Amino acid sequence: MLPFPPASVPPYGPGFDNPDRLITERELADLLGVSTRATQAWRQRRSDGPPFLKLSDHGRVRYRVGDVVAWINARSRRSTSDSGPERPEAA
């Protein structure tokens, strides 16, 4: 569920009111104010970037708007010392 009513203009911009819409790497980078290199690095390092879909063997990558919104919301903090929810240790 998106954090805003569907009838309003979403805070992320037009077109971000459909959680199933797929956006490109460039759209994600523009939304977050980072380079496409940063989004590529998140995927390559398997770090804390948003979940993505690999649509072809040729590297076509897309992101679901709902996944991106959830990823952004999960990073909300109340202070700089707030590390967020505890993560399970890797086995």
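Residues numbered from 1 in each chain as written. Predicted model: local features only at pLDDT ≥ 70, side-chain atom pairs only at ≥ 80, totals over all residues. Heavy atoms only, no water.

Colleague: Honestly, the pattern of salt bridges in this entry has me stumped. Any pointers?
Modeller: Opposite charge on two side chains lets them pair, provided their charged atoms get close. If you walk through the whole model with that rule in mind, you get four salt bridges. Put simply, Glu27 and Arg21 hold a salt bridge, and the shortest N to O gap is 2.7 Å. For Glu27, a relative accessible area of 27% corresponds to the partly exposed category. For Arg64, the salt bridge goes to Asp67, with nearest N and O atoms at 3.9 Å. The class for Arg64 is partly exposed, based on a relative accessible area of 33%. Take Asp67: its relative accessible area is 27%, and that puts it in the partly exposed class. (Salt bridge = Lys/Arg side-chain N within 4 Å of Asp/Glu carboxyl O. Buried < 20%, exposed > 50% of the residue type's maximum accessible area, 1.4 Å probe, protein only.)

Colleague: Help me understand the confidence of the model for the chain, please; the structure alone is not making it clear to me.
Modeller: Segments scoring low in pLDDT should not have their predicted coordinates read at a detailed level. For the chain, the mean per-residue pLDDT works out to 79, and 75% of the residues sit at or above 70. Low pLDDT (under 50) marks residues 5-9, which in the prediction has one contact with non-local residues, meaning those over four places away or in another chain. (pLDDT = per-residue confidence, 0-100. Contact = heavy atoms within 4.5 Å.)

Colleague: Any chance you could explain the nonpolar core here in plain terms?
Modeller: Most often, soluble globular proteins have nonpolar side chains that are buried together. Of all hydrophobic cores here, the largest spans eight residues; its members are Phe16, Ile23, Leu28, Val61, Tyr63, Val65, Val68 and Val69. At the level of elements, β3 (61-64) and α3 (65-74) are the ones that each hand at least two residues to this core. Broken down by element, this core gets its largest block of residues, three residues, from α3. (Core = buried A, V, L, I, M, F, W, Y, C linked by side-chain atoms within 4.5 Å. Helix = DSSP H or I, 4+ residues; strand = E, 2+ residues; numbered from the N terminus.)

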